[in-house]
Amino acid sequence: SLISDIDFEEIPELIEELKKVKDSLSKSHLLYEKYSKKHGSRIFLDVSDKNILQIETYLAEAKKIKSFLWQFTKKAQINDLNQKLDYAFPASTIKNPHSLIPKIESEYLLYKEIEKIKIELDLNKKAITKLLNIDKLESVFSNDKYNELMETLEKTIKELSSLAGLIDQTKILEICKSITTKKSRNIKDTMLTYIEASNFINITQEIAHLRDDLGFEQEEVEVDEENLLENVKFYEELVELTAFISDKTELLKELNSISQSLPLTLKKLSINPENLETVRDSLLSKVEARRIEDLTEYLTNLEEISTFFGKMPSSQYLGDREHLQNRLITNMTSILDAKAITFRITHKADAEEIRKLIRKKSKIPKHYLRTLIEAFPCLIVNIRELGEYIPLEPELFDVVIIDEASQVSIAQAFPALLRAKKVVVLGDTRQFSNVKTAQASIPTNNEAFSLVKESYSSDIKQLDFEKKEAIKDKINSFNIKNSILEFMKFIVNYETMLLKHFRSYPELISYSKEFHYGGRLQVMKVRAKHIDDVVKFVQVEPCDFPTIPSGTTARIVENANENEANYIISELEKLIKNESTATVGIISPFRNQIKYINDLLQKSTHLRDFENKLKLKVMTFDTCQGEERDIIYYSMVENDKNKARLNTIFPSALSGDEEEGKLRVQRLNVGFSRAKECVVFVTSKKIEDFSSQIGIAIRHFKEQLEEGLKLPSPDETESEREKMLLGLIK
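As the structure is a computational prediction, the values presented were derived from the model and not from experiment. Numbering of residues starts from 1 in each chain and follows the order in which that chain's sequence is written. Note on the predicted model: pLDDT of at least 70 is required for a residue's local features to be given, and 80 or more for side-chain atom pairs to be given and counted; whole-chain, interface and lining totals, by contrast, use all residues. Hydrogens and water are ignored here; the side-chain numbers use all heavy atoms of the structure.

(A) Just the packing of aromatic side chains, in detail. Note on ring pairs: Phe, Tyr and Trp rings are taken, using the six-membered ring of Trp, and paired if centres are within 6.5 Å. Classes follow the plane angle, with under 30 degrees stacked, over 60 edge-to-face and the rest tilted. Within this structure, the stated rule accounts for 15 aromatic pairs. With a centroid separation of 5.4 Å and an interplanar angle of 85 degrees, the aromatic rings of Phe308 and Phe309 are classed as edge-to-face. On the basis of an interplanar angle of 45 degrees and a centroid distance of 5.9 Å, the ring pair of Phe672 and Phe681 is categorised as tilted. We note that Phe672, like Phe681, is buried. Connected via pairs of aromatic rings, a cluster forms that spans Tyr511, Phe515, Phe537, Phe621, Tyr634, Phe650, Phe672, Phe681 and Phe701. Definition used: whenever NZ (Lys) or CZ (Arg) falls within 6 Å of the ring centre and also within 35 degrees of the ring normal, the charge is taken to sit over that ring. The ring of Phe502 carries the charged tip of Arg321 above its face, separated from the ring centre by 3.8 Å. Across the ring face of Tyr505, the terminal group of Lys525 is positioned such that the distance to the ring centre comes to 4.6 Å. Per-residue accessibility, obtained with a 1.4 Å probe over protein chains only, is compared with the maximum for each type, and a residue is labelled buried under 20%, exposed over 50%, and partly exposed between these values.

Here you go:
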């Protein structure tokens, strides 16, 4: 603010000339080096401007003649052209110059460069003259004005010296000292030093050498090197300080701008834009630059990803499905309630009669049933009790739906089939079939089945041979040991597999999916928690079968494991203490272990909490079908100290065709697909020591845990966005 623009009118021009000095000096070095290499083998000597033009003409003509087609004419023209060149350069050392066109062209270009540098050296001469006569520029400043400027600079230095963490205080103080000891210097002179001082000492000497080599005339210039060096050094120091003050001024401006746009951020960082010391003491100054860069990159990526996902259409399959289901249920409930109320009001007497019949377990007469069905169009009936209440009338129901059909035998299902217009059968052959029919008496079954075969043979007698052959094997599906699900496969006109699985995370259902359903299941539940919270393994100390008091003696409880049972109960108590809302199930292959755990639970003071809060259920692999819990504890019992043997319960292979083999395979599929959120394997021996198919199943869950702890490779990603997200995670 103390210096006007007029004070420095000549500064820009002089600075530009000094820049040219520096640039030309660099070019001079390169030219001199190139010229020195060529100097020992020059083709032409004493080259003048006229000679340069003759070489240029020669090169153009020679290239033109080179493409001429008639050799005789070409040779004559080349000879003529060579003679002209020899006449122009009598001292030339080359014969037949047309054979050395590239060499001539190279030297021609060198001379062109020399011509160019002549002009630059003339400009350099003017710039150097101005630099060396710098004292001739009169100062426009009075001593008062100069002293005022010095005081301003010193005051600024004093204020900035408190920021020891942001500046090199020692360097600033040195500059300040240098300025105050050279007050006789002209301020205008200090602004002229825009280039490195050390270069100027050698400029005139190097250019002089170059001019000598090129044959230029040189004007002698006297240089007071010591005075020049001293001046330049001082000017540099002042320029450095001026630049420093300018930088800090920009910092204050930037802080002021930030304070207006991000006042809360600066407040949290304890930065006051009016006090630079707060920058030094702020939280930001204590953070490494690399950490700030990482944070900036993170925030940038977060903004980009958030914006990208924000533009995506909303897709919440489970939530939308549940919302639609609830609306349909509400609508259906409203319709059914209206029918029930109407029935109660308009058929009060009939309702009382039907109530009495149901209490007596008597059949409901047809005229009552029609009224009942109209009021209650959807009846849920135990299939074994259907024949007790509903009259045997064909096509009584529009649709009969049989759920868990793998557990319903043909004989049990027939009463329902006869009363239906359409039948929908739902079931899973990979889950348990009807245990009672599977264990039916073979002689009794064979005797009854023979009567069915005789009747069937009689019924198809009137059919032609081709139709008989086509359906003769269908009679085998009437075996009492077959479920209605297996029977319907022979007469079905539509069949599909429900592929979507909603209960479990991919890692929890992966065993069933891979080993029992051929990888066809589509898992709809996405895991949003760490794999360690989904699959767990706990190994307790091995132990022998426990003993319990029995009268005056102690009784051994075979196929039970005290350590595993105690651990599981202690975990249940922790869940209660932590007020967990998770539901819990315990599954063991051995009935005695289930009984032993139940006995321990009965003695626990938390029994009611286990039942009410955790919805606890203790099951074997055979009794858990249809159940689901958030957390499933598996107590495997077997170890090296007891005689429990899992190979008597589970299969050695998954391809067993016999009834007992199928049952063992079904145990694995049913038992290991009950968990919704977490499975906990409680064992008393190493996972590697389990044999047969149960060992393969347990180790599969272990592999899921290990794989879940790994990050995928970029090649395993399915899109560029996934690959980018993987990079951010890593």
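(B) Focus on the environment of Glu404. Each helix corresponds to a stretch of at least 4 residues labelled H or I by DSSP, and each strand to a stretch of at least 2 residues labelled E; elements are numbered beginning at the N terminus. Position of Glu404 relative to the elements: it lies in the loop between strand S1 (397–402) and helix H17 (410–418). Classification of Glu404 by relative accessible area gives partly exposed; the value is 32%. Through-space distance from the C-alpha of Glu404 to that of Ser433 is 8.8 Å; in sequence the pair is 29 residues apart. Among all residues touching Glu404, those that are not within four sequence positions of it are Leu426 and Gln625. Contact criterion: two residues are considered in contact whenever any of their non-hydrogen atoms come within 4.5 Å of each other.

(C) Seen up close, the confidence of the model for the chain. Per-residue confidence from the prediction method is given by pLDDT, with values spanning 0 to 100. Averaged over all residues, the pLDDT of the chain equals 77, while 70% of them reach at least 70. Element-level pLDDT for the chain is lowest in helix H7 (residues 187–192), with a mean of 39, against a maximum mean of 98 in strand S10 (residues 629–635). With pLDDT under 50 throughout, residues 159–173 is counted as low confidence; its partners more than four residues away or in other chains account for 23 contacts. Confidence drops under a pLDDT of 50 for residues 213–223, and excluding neighbours within four residues, the segment shows 18 contacts in the predicted structure.

(D) A look at the nonpolar core. Residues belong to one nonpolar core when they are buried, are Ala, Val, Leu, Ile, Met, Phe, Trp, Tyr or Cys, and are joined through side-chain atoms within 4.5 Å. Ranked by size, the top nonpolar core spans 34 residues in total, and within it Val535, Tyr634, Phe672, Val679 and Ile694 carry the most contacts. Counting only elements with at least two residues in this core, the list comes to helix H22 (506–516), S10, helix H26 (659–671), strand S11 (675–683) and helix H27 (692–708). No other element matches the 5 residues that H27 contributes to this core. Leu369, Ile383, Phe397 and Met488 belong to the second-largest nonpolar core, a separate cluster that totals 30 residues.

(E) Spatial organisation of the sheet that holds strand S8 (residues 584–588). Paired strands are those between which DSSP finds at least two bridges. Taken together, the 5 strands give an open sheet; going across it, the order is S5-S11-S10-S8-S9, and neighbouring strands pair in parallel fashion. Since the sheet does not close on itself, it has two edges, and those belong to strand S5 (535–539) and strand S9 (617–620), each with one partner. The sheet shows a mean angle of 20 degrees between the axes of neighbouring strands, taken without regard to direction. Lines fitted to C-alpha atoms define the axes, with helix axes restricted to the stretch in contact, and inter-axis angles between N-to-C directions lie between 0 and 180 degrees. Lying over the sheet, H22 contacts S5 and S11, oriented at roughly 75 degrees with respect to S11. Along the sheet, helix H23 (residues 562–577) makes contact with S5, S8, S10 and S11, crossing S10 at roughly 160 degrees.

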